[in-house]
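Listed below are the residues making up each chain.
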There are 2 protein chains.
Amino acid sequence: MEGARAATADGVRAAAQRIKGAAIVTPLLENEWLNERAGARVLIKAETLQHGGSFKFRGAMNRLSMLSPEERRRGVLAVSSGNHAQGVARAARLFGAPATIVMPKDAPAFKVAQVRAYGGDIVFYDRYTEDREAIGAAIAAERSLALAPPFDHVDTIEGQGTLALEAVEQARAIGAAFDAFIVCCGGGGMTAGCATILADISPNTELMIAEPAGFDETWASIRAGRRLKADVAQKTLCDALASPTPGEITFPILQRHVRAGFTVTDDEVSETIAFAAKYLKLVVEPGGAAALAAVYTRKFKGEGKTIGLTLSGGNIDPSLYATILGRFG
Amino acid sequence: MEGARAATADGVRAAAQRIKGAAIVTPLLENEWLNERAGARVLIKAETLQHGGSFKFRGAMNRLSMLSPEERRRGVLAVSSGNHAQGVARAARLFGAPATIVMPKDAPAFKVAQVRAYGGDIVFYDRYTEDREAIGAAIAAERSLALAPPFDHVDTIEGQGTLALEAVEQARAIGAAFDAFIVCCGGGGMTAGCATILADISPNTELMIAEPAGFDETWASIRAGRRLKADVAQKTLCDALASPTPGEITFPILQRHVRAGFTVTDDEVSETIAFAAKYLKLVVEPGGAAALAAVYTRKFKGEGKTIGLTLSGGNIDPSLYATILGRFG
């Protein structure tokens, strides 16, 4: 069965080879003001600088690479709030494969424009009333399209996990090792991928997640021992992390490996975005700033430690960005 | 005489050794949307991510390293619009040396705050009516302070030139060589440093400068064969590049090596800043965006070439940044 193979560290390493050259080796950045604020050494994996402005291209590229030429010829379908959509559209274009993207109709305008710029064909849905998975599955079946799932697929998980493999190698090159690694968590694909590779190459690193208020059901699910569901009617600035429940495949991996979870509010994320602009000189979108917010707000008390974190995406509408900077800058 | 030694490629290499570990090896970044816009391969040396938010720390650190312990004990003085000020204050703090900074009273508030955060002692002057060099020289003489000039000193030039040494090595590591290298140019310290090292290690690279409208006297001076003076009463968003005339030491180096100059307006720079936020996910200040603006506006027609450029600083007031993003985003 497709996706039934378990994610492994070797799978992440194979994915890294597969996406090599196509994906950007994003820098691991350090900033003294952030270190001072955290009382720690903070190393930022800046996936904002990845193709498509987020880590999503890694998983999408790996997934597309694993399809047969015949599958690619027929095309792929992805459901996504906008970042995975860009990753899939870009990867599909590299292979000359048509990409159909199911996106919420309230996705940020910038994300919609970028998916189109990469040649993706968009089908909109209402994320408050419609089931995106059902819509996606129906279109995929009808048009014989292969699925490129945003998180709940082993190819996606292993591809997304390559960022932690890179980050550990980059940290080693400067003589550092992560005591903790904090991941922005939506459906848990990146977290599961990072968990898989970190357990193998950096077993002393404590894996942690940051989630937006209202969509912090992953850490709650881990504590409850079962997959809880967030109320999708809630609003959050972190559109990239507004998935209602941990994935079927990702959840058991997260249960095994995630040691702590932090919930960050829209205001905390906004303040963190302004800090990132002023001091880090990096543009980050709300969902991409969740892990940084956990450090910036000192919800994670990591004094004296070496902390890795994902700055997972930077696709923010300029108008929202200007508003946040005006309010918190 | 101090500063009389000529800048050399070996001097830049020695400076690179001297600042190693203290300065950040900033990434050389590439972005597909910028490449597409330029019809070229554009490699961005992101000095926005340097300590103090600009390349200035490189020259300041080199200068401080070259002073005697006794000179450092007495302290250093720098005249600066704000970026060099941060570089000097930070370098001085590393050596436990007091730093006196002469800054225009209309310098961006963020720069003033950051100089203070690094422990610099600020003396303000009026850049429309007072001569900053004279003020600086008087205070330095009175207090027996060593000068850390913003551009017109061999230690500064060689320190600032380390960014081009790094950039060429980083480009080589990805199999690239610069056909052109475009530098944001104020007094010409970074340009002279880049010229010195590029002539040695990458002689086929054409060195070019970008200057703000009204303060584009460097390229005009090169064409005229003598140092012209800009009218300092003019306004520009590019405070970091508003030096009125090329340096005495930098000018002959620039005359020998600079092949082209581009003038960019406030509006062009603003549009470039918004592009950098949306597509590059990088925060850049007006003066730091001049070289990128020369490419973004296609004033430099570099189709098919590999273009290196400096993104030289990111210290922009959040309110101005929000205004620019609101207007051009």
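Residues numbered from 1 in each chain as written. Chains lettered and ligands numbered in written order. Predicted model: local features only at pLDDT ≥ 70, side-chain atom pairs only at ≥ 80, totals over all residues. Heavy atoms only, no water.

Considering the side chain of A:Glu47
All names here are of chain A. Worth spelling out the cut-off: Where helices and strands are cited, they refer to DSSP runs of H or I of at least four residues and of E of at least two residues respectively, numbered from the N terminus. Under the scheme applied here, a residue whose accessible area is under 20% of the maximum for its type counts as buried, over 50% as exposed, and between as partly exposed, the area being computed with a 1.4 Å probe on protein chains only. Polar contact criterion, stated in full: a pair of N or O atoms within 3.5 Å, where within protein one must be able to donate a hydrogen and the other to accept it, and residues adjacent in sequence count only if both atoms are side-chain atoms. The contact rule is simple, with two residues in contact once any of their heavy atoms fall within 4.5 Å.
Along the chain, the position of Glu47 falls in the loop between strand 2 (41-46) and helix 3 (56-66). When its relative accessible area of 0% is taken as the criterion, Glu47 is described as buried. In this structure the side chain of Glu47 is engaged in a polar contact, spanning 2.7 Å, whose partner is the side chain of Arg58. If we ignore the near neighbours within four places in the chain, the residues touching Glu47 are Thr26, Gly53, Ser54, Phe55, Arg58, Leu163, Leu311 and Ser312.

Concerning the domain arrangement of chain A
Residues and elements named next belong to chain A. To keep things clear, this is the line we draw: Per the annotation, domain bounds derive from an automatic or database assignment of domains. Summed over both partners, the accessible area lost on bringing two parts together, with a 1.4 Å probe, is the buried area. The rule for a salt bridge is simple: a side-chain nitrogen of Lys or Arg has to be within 4 Å of a carboxyl oxygen of Asp or Glu.
Assigned domains of chain A: these are domain 1 (9-54 + 153-328) and domain 2 (57-147). In this assembly, 33 residues from domain 1 lie in contact with 20 residues from domain 2. Where domain 1 abuts domain 2, roughly 2300 Å² becomes buried across the two surfaces, and 49% of that area is made up of carbon and sulfur atoms. Broken down residue by residue, the surface that domain 1 buries against domain 2 is led by Arg18, Asp155 and Asn315, which jointly contribute 24%. Summed over the shared surface of domain 1 and domain 2, the result is five salt bridges. Ionic pairing is found between Glu166 and Arg58, a salt bridge with its closest N-O pair at 2.9 Å. Joining domain 1 to domain 2, the criterion identifies 16 residue pairs in polar contact (both at pLDDT 80 or more). Looking at the side of domain 1 that touches domain 2, the elements that each hand over two or more residues are helix 1 (9-19) and helix 8 (154-173). Among the elements that line the side of domain 1 that touches domain 2, the one with the most residues is helix 8, at eight residues.

With respect to the environment of A:Pro150
With respect to the helices, strands and loops of the structure, A:Pro150 is situated in the loop between strand 6 (146-147) and helix 8. Leave out the neighbours within four places in its chain, and A:Pro150 touches A:Lys56, A:Val79, A:His84, A:Arg132, A:Thr156 and A:Gln160.

So, the relation of the copies chain A and chain B
Keep this limit in mind: Superposition of the copies was done by least squares, using only C-alpha atoms of residues whose pLDDT is at least 70 in both.
Superposition of chain A onto chain B requires a rotation of 180° combined with a translation of 0.0 Å along the rotation axis, giving an RMSD of 0.0 Å. Interpreted geometrically, this transformation is the action of a two-fold axis. Here 100% of the interface residues in chain A have copies in chain B that are interface residues too; the copies meet face to matching face.

Some words on the packing of helix 1 (residues 9-19) of chain B against helix 3 (residues 56-66) of chain B
Residues and elements named next belong to chain B. This is how it is decided: The axes are straight lines fitted to the C-alpha atoms, using for helices just the contacting stretch, and the angles between their N-to-C directions are given from 0 to 180°. The labels follow the angle: roughly parallel below 35 degrees, roughly antiparallel above 145, roughly perpendicular from 65 to 115, and oblique for the rest. Gly is put with the polar residues, along with every residue not named as nonpolar or charged; the nonpolar set is Ala, Val, Leu, Ile, Met, Phe, Trp, Tyr, Cys and Pro, and the charged set is Asp, Glu, Lys and Arg.
It is at 9 Å that the axes of helix 1 and helix 3 come closest, and there the two elements cross at 85°. In terms of orientation, helix 1 and helix 3 fall into the roughly perpendicular class. Facing helix 1, whose interface residues are Ala15, Arg18 and Ile19, helix 3 presents Arg58, Met61, Asn62, Ser65 and Met66. Partitioning the contact of helix 1 with helix 3 into residue classes produces four nonpolar, two polar and two charged.

Overview of the sheet that holds strand 5 (residues 121-125) of chain A
Residue and element names in this part refer to chain A. In plain terms, the rule: Pairs of strands are assigned from DSSP output, requiring at least two bridges between the strands.
Ordered in space as 5-4-3-6, the four strands form an open sheet in which the pairing is parallel. Of all strands in the sheet, those with a lone pairing partner are strand 5 and strand 6, marking the two edges. Here strand 4 (residues 99-104) pairs with strand 5 via five bridges, running parallel. Its bridge partner lying in strand 5, Thr100 is registered against Asp121. In this fold helix 6 (residues 109-117) packs onto strand 4 and strand 5, with an angle of close to 150° to the strand it touches most, strand 5.

Notes on unusual backbone geometry
The phi angle of most residues is negative, glycine excepted, and most peptide bonds adopt the trans form. Positive phi, normally seen in glycine, also occurs at B:Ser144, with a value near 55°. Position of B:Ser144 among the secondary structure elements: in the loop between helix 7 (132-143) and strand 6 (146-147).

With respect to the nonpolar core
What counts is decided by this rule: For the purposes of this section, nonpolar cores are sets of buried Ala, Val, Leu, Ile, Met, Phe, Trp, Tyr and Cys residues that join through side-chain atoms within 4.5 Å.
Core analysis: the largest hydrophobic core is formed by 90 residues, its most contacted members being A:Val42, A:Ile182, A:Tyr321, B:Ile182 and B:Tyr321. Ignoring any residue separated from it by four or fewer positions in sequence, one finds A:Tyr321 in contact with A:Ile273, A:Ala277, A:Leu282, A:Val283, A:Val284, A:Ile316, B:Val283, B:Tyr321 and B:Leu325.

With respect to the sheet that holds strand 4 (residues 99-104) of chain B
Note: strands within a sheet are paired through backbone hydrogen bonds, in either parallel or antiparallel orientation. Residue and element names in this part refer to chain B. Across the sheet, which stays open at both edges, the four strands sit in the order 5-4-3-6 with parallel pairing between neighbours. In this open sheet, the two strands that pair with only one neighbour each are strand 5 (121-125) and strand 6. In the packing of helix 6 (residues 109-117) onto the sheet, the strands contacted are strand 4 and strand 5, and the crossing angle to strand 5 comes to about 150°. The sheet strands contacting helix 7 are strand 3 (76-79), strand 4, strand 5 and strand 6, and the helix crosses strand 3 at an angle near 175°.

Brief notes about the pattern of salt bridges
Using the criterion set out here, one finds 40 salt bridges over all chains in the structure. The partner of B:Arg93 in a salt bridge is A:Glu32, and the shortest N-O contact between them spans 3.9 Å. With B:Arg93 in helix 5 (residues 83-95) and A:Glu32 in helix 2 (residues 32-38), this pair bridges two chains. Look at A:Glu32 and you get buried, because its relative accessible area is 17%. The structure contains a network of salt bridges with shared partners spanning A:Arg5, A:Arg63, A:Asp155 and A:Glu158.

A look at the pairing of strand 2 of chain A
Residues and elements named next belong to chain A. Counting buried residues along strand 2, five of its six residues qualify, which places the element largely inside the surrounding structure. With two bridges joining them, strand 1 (residues 28-29) and strand 2 adopt antiparallel strand pairing. Bridging across to strand 2, Leu29 finds its partner in Ile44.

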